[in-house]
Amino acid sequence: MNDVPVIPRLLFVDLGYSQRHKHGEDICGDAFKFQKSEGGRVIAVLSDGLGSGVKANILASMTATMALKFASENADHILHAADIMMDALPICQVRKISYATFTIVNIDPRGQARIIEMGNPPFLLFRFGEEIQVPFQQLESEKWQNRKMRVYDFSLEAADRLIFFSDGISQAGMGSHAYPLGWRKRGCAEFIYHRLIDRPAISSHELSEEVINQALRKEPNGVNKDDMTCVSLFFRFPRKMLLFTGPPYNEKSDKACADFVANFEGDKVISGGTTAEIVSRILGRKLKMDLHNMCSDLPPMSTMEGINLITEGVFTLTKTAQYLENYDGTHPDDPAGKLVDIMLRNDIIEILAGTRVNEAHQDPRLPQDLELRRTIVRRLANILEKNFLKKVNIKYV
């Protein structure tokens, strides 16, 4: 009998994923969709469409959308749901089958998990750095022959890592001299095991990206012959970050805001030159422009003791929102990209937003997509909560 308690509500699900489309294609034939209900249930679906390119993307997207809907309504009738999904898919004109694989992960707020796999490589579960084997029940559809599903029911625990991926990962390098049968699940598991030993606190976003990059290294010349998707979930106590952007409406509030930054426990980001100058002046910390990481599209970053990242304000926040809205597992290594990294590795994001108007942003000659700070802050919060399962608290000052 396992006497370790299941996940309490105060633990967070850190979810991250990375994708690469097949070399030569413009769109990924894998589809990944997820949602978090108001009650705290997390549902994630990965589907791999037959073939690659647009047709595969359509198959995978249809399957993932339907699976997400069925799982959110009733995951108990999975055979019936799978038959409906297969009936709805278009028929491949070459192989005369309608087919897309799927992995459905359904986790309730207390950590009770149900995972359903059809066609995708089996998921990996790591507990305190060690791989755990989970028993399963095998089901087979009477209507669609050779459509066997594995159903796993188990309890997740604090610090567990759950990783699943499309076969573009496990089959990476297939046919090469070094990996005639591909990287395989065992190779993936060994790589993840060593990464967790080296970096026990690695975020889900970072881990999934490292798995993708390692799979690409297995391919001759780094050219992948299939779509690649890796999804990682980490069940842990929440990490916090603070984003302070914009001077307070009343200058008398400057000291309180600077003190709040100094005392905050977690990652700290300042976005805005005037905002950074306020913190520098009140805390007596030197503010220096970082000339070693210049970016042609965005104003340069600065550095200050005790602050993880200092960027320009509204331009950089707008670019950050654009990266998050179009996130595909990668982003440029610029100030906005660095802010994306910090946001994705944290769970609770506190935003301290000053409401003093910056007269420079009233210039009609500036780009049309330049938004007032209050608007861009709300836009960021919406993206982070809806698309990345983050909890965002905004305080206007």
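Because the structure is predicted, anything quoted here is derived from the model rather than measured.

## Focus on the overall build of the protein
Then, in step 1: From N to C terminus, the protein includes 10 helices and 18 strands.
Then, in step 2: For the protein, buried positions account for 52% of its 397 residues.
Then, in step 3: Long-range pairs, those at least 24 residues apart, make up 69% of the contacts in the protein between residues at least 6 apart in sequence.
Then, in step 4: Summing over all exposed atoms, the protein offers an accessible surface of approximately 19,100 Å²; the carbon and sulfur share of this is 51%.

## Thoughts on the sheet that holds strand β7 (residues 130–132)
Then, in step 1: Strands sit in the order β1-β11-β10-β6-β7 across an open sheet of five strands; the sheet is antiparallel. Both edges of this open sheet fall to β1 (12–20) and β7, since each of them pairs with a single strand only. Across the sheet, the mean angle separating the axes of adjacent strands is 25° when strand polarity is ignored.
Then, in step 2: Of the pairings in the sheet, the one linking strand β10 (residues 161–165) to strand β11 (residues 228–236) comprises five bridges and is antiparallel in character. Within β11, the position partnered with F164 by the bridge is V231.

## Things to note about unusual backbone geometry
A negative phi angle characterises most non-glycine residues, just as the trans form characterises most peptide bonds.
Then, in step 1: The backbone of F128 shows a phi angle near 55°, a positive value even though the residue is not glycine.
Then, in step 2: Here F128 shows up in the loop between β6 (124–127) and β7.
Then, in step 3: Here F128 falls in the exposed class, since its relative accessible area comes to 63%.

## Notes on the side chain of D108
Then, in step 1: Among the structural elements, D108 can be located in the loop between β4 (100–107) and β5 (112–118).
Then, in step 2: One buried charged side chain, D108, makes no salt bridge at all; its nearest oppositely charged neighbour is R41, positioned 4.7 Å away.
Then, in step 3: Here the side chain of D108 touches R110 through a polar contact of 2.9 Å, landing on its backbone nitrogen.

## A few points about the packing of aromatic side chains
Then, in step 1: By the definition in use, this model includes 11 aromatic pairs.
Then, in step 2: Taken together, Y17, F32, F34, F164, Y327 and F388 form an aromatic cluster joined through their ring pairs.
Then, in step 3: When the ring centre of F234 is taken as origin, the NZ or CZ atom of R161, which lies over that ring, is 3.5 Å away.
Then, in step 4: It is R374 that lies over the ring of Y396; its NZ or CZ is 4.5 Å from the centre.

## Concerning the sheet that holds strand β8 (residues 137–140)
Then, in step 1: Read across the open sheet, the six strands follow the order β2-β3-β4-β5-β9-β8; overall the sheet is antiparallel. Both outer strands of the open sheet, β2 (30–36) and β8, are each paired with one neighbouring strand and no more. Here the strands of the sheet are splayed against their neighbours by 15° on average, with no regard to which way each runs.
Then, in step 2: Inspection of the sheet shows strand β3 (residues 42–49) paired to β4 by eight bridges, in the antiparallel sense. Considered in β4, the bridge of A44 is made with V105.
Then, in step 3: Helix α1 (residues 53–73) rests against β2, β3 and β4 of the sheet, and its axis sits at about 155° to β3.

## Topic: the packing of helix α6 (residues 254–263) against helix α7 (residues 273–283)
Then, in step 1: Interaxial distance between α6 and α7 falls to 9 Å at its minimum, and their mutual angle equals 85°. Comparing the axis directions of α6 and α7 gives the class roughly perpendicular. Packed against α6, whose contacting residues are D254, K255, A258, D259 and A262, the element α7 presents I278, V279, R281, I282 and L283 at the interface.
Then, in step 2: Looking at the contact of α6 with α7 residue by residue, the classes come out as six nonpolar, no polar and four charged.

## Focus on the pattern of salt bridges
Then, in step 1: Throughout the structure, instances matching the rule amount to 18 salt bridges.
Then, in step 2: Ionic pairing is found between R281 and D254, a salt bridge with its closest N-O pair at 3.5 Å. Of this pair, R281 sits in helix α7 while D254 sits in helix α6, and the two are 27 residues apart along the sequence.
Then, in step 3: On the accessibility criterion, R281 (55% relative accessible area) is exposed.

## Concerning helix α4 (residues 184–198)
Then, in step 1: For α4, with 15 residues, the first-to-last C-alpha span of 22 Å sits near the 21 Å given by 1.5 Å per residue.
Then, in step 2: All of the buried residues along α4 are G187, C188, A189, F191, I192, R195 and L196.
Then, in step 3: Tucked into the core, α4 has its buried residues touching β6, β7, β10, α3 (167–170) and α5 (204–218).

## As for the confidence of the model for the protein
Then, in step 1: For the protein, the average pLDDT comes to 87, and 88% of its residues sit at 70 or higher.
Then, in step 2: Low pLDDT, under 50, characterises residues 1–9; the stretch is placed with 18 contacts to residues that sit more than four places away or in other chains.

## Focus: the packing of helix α8 (residues 314–325) against helix α10 (residues 373–388)
Then, in step 1: Interhelical geometry of α8 versus α10 gives an angle of 25° and a closest axis separation of 10 Å. In terms of axis orientation, α8 runs roughly parallel to α10. Crossing of α8 over α10 shows left-handed handedness. Contacts between α8 and α10 involve V314, L317, T318, T320, A321, Q322, L324 and E325 on the former and, on the latter, R373, I376, R379, L380, I383, L384, N387 and F388.

## As for a nonpolar patch on the surface
Then, in step 1: Together, I27, V54 and I58 make up an exposed nonpolar region whose accessible area comes to about 230 Å².
Then, in step 2: Here I58 shows up in helix α1.

Reading guide: rules and limits
- Residues numbered from 1 in each chain as written.
- Predicted model: local features only at pLDDT ≥ 70, side-chain atom pairs only at ≥ 80, totals over all residues.
- Heavy atoms only, no water.
- Helix = DSSP H or I, 4+ residues; strand = E, 2+ residues; numbered from the N terminus.
- Buried < 20%, exposed > 50% of the residue type's maximum accessible area, 1.4 Å probe, protein only.
- Contact = heavy atoms within 4.5 Å.
- Areas by Shrake-Rupley, 256 points an atom, 1.4 Å probe, with all protein chains shown as cover.
- Pairing = 2+ DSSP bridges.
- Axes fitted to C-alpha atoms, helices over the stretch in contact; angles between N-to-C directions.
- Lys, Arg positive; Asp, Glu negative; His and termini not counted.
- Salt bridge = Lys/Arg side-chain N within 4 Å of Asp/Glu carboxyl O.
- Polar contact = N/O pair within 3.5 Å; in protein donor to acceptor, adjacent residues only side chain to side chain.
- Phe/Tyr/Trp six-rings, centres within 6.5 Å; stacked < 30°, edge-to-face > 60°.
- Lys NZ or Arg CZ within 6 Å of the ring centre and 35° of its normal.
- Parallel < 35°, antiparallel > 145°, perpendicular 65-115°, else oblique.
- Nonpolar A, V, L, I, M, F, W, Y, C, P; charged D, E, K, R; others polar.
- Expected span 1.5 Å × (residues − 1).
- pLDDT = per-residue confidence, 0-100.
- Left-handed = near helix turned anticlockwise from the far one by under 90°.
- Patch = residues over 30% accessible without salt bridge, like charges linked within 9 Å, V, L, I, M, F, W, Y side chains within 5 Å.

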